[in-house]
Structures are given as C-alpha cells and as structure tokens.
Amino acid sequence: DTGVSQDPRHKITKRGQNVTFRCDPISEHNRLYWYRQTLGQGPEFLTYFQNEAQLEKSRLLSDRFSAERPKGSFSTLEIQRTEQGDSAMYLCASSLGGREKDGYTFGSGTRLTVV
Amino acid sequence: AQTVTQSQPEMSVQEAETVTLSCTYDTSESDYYLFWYKQPPSRQMILVIRQEAYKQQNATENRFSVNFQKAAKSFSLKISDSQLGDAAMYFCAYRSADFGNEKLTFGTGTRLTIIP
C-alpha cells in the first residue's frame, strides 16, 4: 500500500464548469476525510465518511459540493458551477476507526485553480 | 467549538540549533488528542508527533518533543538539532476523543526556515 492517493494533482478549470476529484485511501482505513486548504491557512474540514456513510458535513460544504464513497473504498468530491473562491488545495485523508490517537494519513492533495 | 491558535506565522533557526513552535487551543473537553503535522513544499502533510491529553508525560519522537500544559491549554513543539529537511509549514491540530466527533481542527501554521 502506497498511502493515500489523490487524482489529479492539479486542475485548472473555467468558472462555471464542474470538476471531480478522486481519493484512494489506505486500503484498511474505514474513515475518509476531505479538507480544503487555501494559501497561508490551515486545512479546513469539509466532510467525512465511515465506510460508505457520510457522517458529517461542514457548513463550508455548500450545495454545489457533493462527496461520495461508494462501497466504502475510494471517494469522489464534485464541485458544480465552480467559482473563483473555490480555488484551493483539496486534501484527502484516511484513518482507522479505533486508532484515533494515530491521527490521519494525508494525500498530496489536488490543487484547483478556477479562472 | 474548539479553536487552535498558532501565533508565530514564521520562525527561523540556525542549522543544528533548537527551535520551539507555539500552539494554544481552546476546548471545554477533558479528553482529546493533539498533533503536530509537517507540510513540506511537496504539500503532503506528515504526522510529526502526537499527545494524548490524559497522559501527563510529554511525547518525544527522536529530535521532536512537546511541552504539553493542559491547564494552560498550551502545546508547543521543540525541534532539537535542526536540519535542513525540517524546513516546512508546521500545523498544530486538535481532535476530540468523543466517538463521532472525528474532525481535526488545525491552526494557521508556522513556516519554519532553517538557516545553513
């Protein structure tokens, strides 16, 4: 297992277009998290899954954002009708339930630029 | 809601010297976890060290150690014998021990520069 993988690494899109990002967690991790990080800031929580169930969503996650984790494996984060304010690094992380003290394992992120 | 504050946007240290990064947090909970993450220019966040709030002993990982002051809600990171590879953004993070309260709350980070 090579850790948490995110695809693509970079995405440039025009305002108003839809984009989708993918995250492949560590295979034995049942929890998966999405965070957003803007320049000079710490990551901000967006949502998390336990297996295939989406258990919490931040108020940051407007109705233009949707996340799925079918079959409890990989996850996708879709942004519809992108806006310039969506430009950020989108980070995915995973963890194993019952091992809270271990923290998360992060992916390298997808950098979104909306032009 | 919990908050995490890192009051030092930037720090620099001479190679081989020691540097301390500050972090304070606010919570009404008694049981939680605290973490320091490192984010090098490649952008992947790496866990540096963790502390369980119920443990009084400060965590240590090789050259990295913490000073955990629960009453003061302070959690500083000390890096000894600084190396060029330590240059990165460092984030302090808080996580509740409550089942179902899963998210990590991060501070705004401290950019550490190592001077050769």
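Here the structure is shown first, and the text comes after it.
Quick look at the structure, then. (Residues numbered from 1 in each chain as written. Chains lettered and ligands numbered in written order. Predicted model: local features only at pLDDT ≥ 70, side-chain atom pairs only at ≥ 80, totals over all residues. Heavy atoms only, no water.)

A few words now on the overall build of chain A. Helices and strands together make up the secondary structure of chain A, namely 0 helices and 11 strands. Counting from the amino terminus, chain A carries its helices and strands in the arrangement β-β-β-β-β-β-β-β-β-β-β. Relative to its length of 115 residues, chain A is compact, with a C-alpha radius of gyration of 13 Å against a globular reference of 13 Å. Counting only C-alpha atoms and orienting by the principal axes, one finds that chain A spans roughly 40 × 25 × 25 Å. Across the 115 residues of chain A, 48% fall into the buried class. With the model as given, the accessible surface of chain A reaches about 5,600 Å², and the carbon-plus-sulfur share is 44%. The averaged location of the 14 negative side-chain charges in chain A is 5 Å from the averaged location of its 16 positive side-chain charges. (Helix = DSSP H or I, 4+ residues; strand = E, 2+ residues; numbered from the N terminus. Rg over C-alpha atoms; globule rule 2.2 N^0.38 Å. Buried < 20%, exposed > 50% of the residue type's maximum accessible area, 1.4 Å probe, protein only. Areas by Shrake-Rupley, 256 points an atom, 1.4 Å probe, with all protein chains shown as cover. Lys, Arg positive; Asp, Glu negative; His and termini not counted. Charge placed at Lys NZ, Arg CZ, Asp CG, Glu CD.)

As a further point, take the overall build of chain B. Counting its secondary structure elements, chain B contains 0 helices and 12 strands. Start at the N end of chain B and walk to the C end: the helices and strands fall as β-β-β-β-β-β-β-β-β-β-β-β. Its C-alpha atoms give chain B a radius of gyration of 14 Å, near enough to 13 Å, the size a compact globule of 116 residues would have. Projecting the C-alpha coordinates of chain B onto the three principal axes gives extents of approximately 45 × 30 × 20 Å. The buried share among the 116 residues of chain B stands at 48%. For chain B, restricting intrachain contacts to residue pairs at least 6 apart in sequence, the fraction spanning at least 24 positions comes to 55%. Counting every atom, chain B has about 5,600 Å² of accessible surface; 46% of that belongs to carbon and sulfur. Side chains of chain B give 11 positive and 12 negative charges; the mean places of these two sets differ by 2 Å. (Contact = heavy atoms within 4.5 Å.)

The next subject is the interface of chain B and chain A. Contact with chain B, which involves 21 residues of that partner, is made by 24 residues of chain A. When chain B packs against chain A, close to 2,000 Å² is buried across both sides, 49% of that on carbon and sulfur atoms. On the chain B side of the contact with chain A, Arg43(B), Arg95(B) and Glu102(B) bury the most area, a combined 28% of that side's loss. There are 1 salt bridge connecting chain B and chain A. (Buried area = accessible area lost by both parts, 1.4 Å probe. Salt bridge = Lys/Arg side-chain N within 4 Å of Asp/Glu carboxyl O.)

With that settled, the discussion passes to the sheet that holds strand β1 (residues 5–7) of chain A. Through backbone hydrogen bonds, the strands of a sheet pair up, either in parallel or in antiparallel fashion. Residues and elements named next belong to chain A. The strand order β1-β3-β8-β7 describes an open sheet built from 4 strands, whose pairing is antiparallel. Looking at the sheet topology across the chains shown, the edges are occupied by β1 and β7 (65–68). The sheet shows a mean angle of 15 degrees between the axes of neighbouring strands, direction not considered. (Pairing = 2+ DSSP bridges. Axes fitted to C-alpha atoms, helices over the stretch in contact; angles between N-to-C directions.)

Secondary-structure assignment places Gly107(A) in the loop between β10 (105–106) and β11 (110–114). The sequence separation of Gly107(A) and Val4(A) amounts to 103 residues, and the corresponding C-alpha distance is 4.6 Å. If we ignore the near neighbours within four places in the chain, the residues touching Gly107(A) are Val4(A), Gln6(A), Leu91(A), Cys92(A) and Gln44(B).

This part is about the packing of aromatic side chains. Counted under the stated rule, the structure contains 18 aromatic pairs over all chains. Judged by centre distance (6.4 Å) and plane angle (80 degrees), the rings of Phe68(B) and Phe75(B) are edge-to-face. Accessibility assignment for this pair places Phe68(B) and Phe75(B) in one class, buried. Among the aromatic residues, ring-to-ring pairing joins Tyr33(A), Tyr35(A), Phe45(A), Tyr48(A), Tyr104(A), Phe106(A), Phe35(B), Tyr37(B), Phe91(B) and Phe106(B) into one connected group. A cation over a ring is seen here: Arg22(A) above Phe74(A), with NZ or CZ 3.9 Å from the ring centre. Seen from the ring of Phe45(A), Lys103(B) lies directly overhead, with NZ or CZ sitting 5.7 Å from the centre. (Phe/Tyr/Trp six-rings, centres within 6.5 Å; stacked < 30°, edge-to-face > 60°. Lys NZ or Arg CZ within 6 Å of the ring centre and 35° of its normal.)

It is worth stressing that arrangement in space is one thing and function is another; only the former is reported here.
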